[in-house]
Amino acid sequence: NAGVTQTPKFQVLKTGQSMTLQCAQDMNHEYMSWYRQDPGMGLRLIHYSVGAGITDQGEVPNGYNVSRSTTEDFPLRLLSAAPSQTSVYFCASNPWDRATEAFFGQGTRLTVV
Amino acid sequence: GQQLNQSPQSMFIQEGEDVSMNCTSSSIFNTWLWYKQDPGEGPVLLIALYKAGELTSNGRLTAQFGITRKDSFLNISASIPSDVGIYFCAGQGVGSQGNLIFGKGTKLSVKP
């Protein structure tokens, strides 16, 4: 019973590098989202998707791209990493109209130096 | 944009004490949620509230959806060491589908 799986768990990047954070869910949920968590800031929505082929911006989308080619996968791309993107990233999934059933992954801790 | 004000930011209590934390918003929410996050883990849903005035319990946890739809509180009775963690309130706004707005969290420490 995997739920929401995020990889990698930890990553260090140099400023200007690009990378993709992976997120996969096996619950056939339509809705998937990415949040970042910074100390004292709670979780802030980066991008979300209500189904395959549909994505939209959240509260803090700058510097990130997403795509949703399948129901299961929702990767988050950092185009040119900056120190301000040092954070813990969480992926979540739920049926699109039931945010109360959101399941979160274990997170990816990203450090940009 | 919508914001949630969660208080207190942190609490340091003795085992066995009761705990209370709350969230307020300047705008109306359709749903209020309370999550707990353990170190190195993602948030886990504790309680979901769907109607104004609703009072819901989950074991030693009790939460209420405020009548104005702009606030919620969470109470933990007879705290134990495993209650340690960060508690987040979250709200689902009108027309926001699955999007959640999170408070900044209450860090709970319990002294045995």
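In this report, the structure presented in the accompanying data block is examined. Here the structure is a predicted model, which is why all the values come from computation and not from measurement.

1. Looking at the sheet that holds strand β6 (residues 55-58) of chain B
Residues and elements named next belong to chain B.
Line of reasoning, step 1. What the 5 strands build is an open sheet, ordered β1-β3-β8-β7-β6; its pairing is antiparallel. For this open sheet the edge positions go to β1 (4-7) and β6, each flanked by a neighbour on one side alone. The average undirected angle you get between the axes of adjacent strands in this sheet is 15°.
Line of reasoning, step 2. Direction of pairing for β6 relative to strand β7 (residues 61-65): antiparallel, over a ladder of 4 bridges. When the bridges of β7 are listed, L55 appears paired with Q64.

2. Examining the environment of E72 of chain A
Residue and element names in this part refer to chain A.
Line of reasoning, step 1. Among the secondary structure elements, E72 is positioned in the loop between β7 (64-66) and β8 (76-78).
Line of reasoning, step 2. A sequence separation of 29 residues divides E72 from L43, and the C-alpha atoms of the two residues are 22 Å apart.
Line of reasoning, step 3. Apart from the residues within four sequence positions on either side, E72 is in contact with C23, A24, Q25 and M32.

3. Details of the state of the cysteines
Residues and elements named next belong to chain B.
Line of reasoning, step 1. The full count for this structure, using the stated rule, is 2 disulfides over all chains.
Line of reasoning, step 2. One disulfide bridge connects C23 with C89, the sulfur atoms lying 1.6 Å from each other. Across the disulfide from C23 to C89, rotation about the S-S bond amounts to roughly -70°, and the bridge is consequently left-handed. Taken as a pair, C23 in strand β3 (residues 19-25) and C89 in strand β9 (residues 85-93) lie far apart in primary sequence, 66 residues in all.

4. Topic: the sheet that holds β7 of chain A
Residues and elements named next belong to chain A.
Line of reasoning, step 1. One open sheet holds the 4 strands; their spatial order is β1-β3-β8-β7, and the pairing between them is antiparallel. Two strands lie at the open edges of the sheet, namely β1 (4-7) and β7, each paired on one side alone. For this sheet, the mean angle separating the axes of adjacent strands, direction not counted, is 20°.
Line of reasoning, step 2. The sheet contact formed by β1 and strand β3 (residues 19-25) spans 4 bridges and is antiparallel. Counterpart to T5 in the pairing with β3 is A24.

Cut-offs used in this document
- Within every chain, residues take consecutive numbers counted from 1 along the sequence as written.
- Written order decides the labels, with chains lettered from A and ligands numbered from 1.
- At least 70 in pLDDT is required for a residue's local features to be given in this predicted model, at least 80 for side-chain atom pairs to be given and counted, and no such filter applies to totals for whole chains, interfaces and linings, which use all residues.
- In computing side-chain properties, one takes all heavy atoms of the structure into account and sets aside hydrogens as well as water.
- Note on pairing: DSSP must find at least two bridges between two strands before they are called paired.
- Helix numbers and strand numbers start at the N terminus; a helix is a DSSP run of H or I with at least 4 residues, a strand a run of E with at least 2.
- Each axis is a line fitted through C-alpha atoms, taken for helices only over the stretch in contact, and angles between the N-to-C directions span 0 to 180 degrees.
- Contacts between residues were defined by any pair of non-hydrogen atoms, one from each residue, lying within 4.5 Å.
- When two cysteine sulfur atoms are found within 2.5 Å, that pair is recorded as a disulfide.

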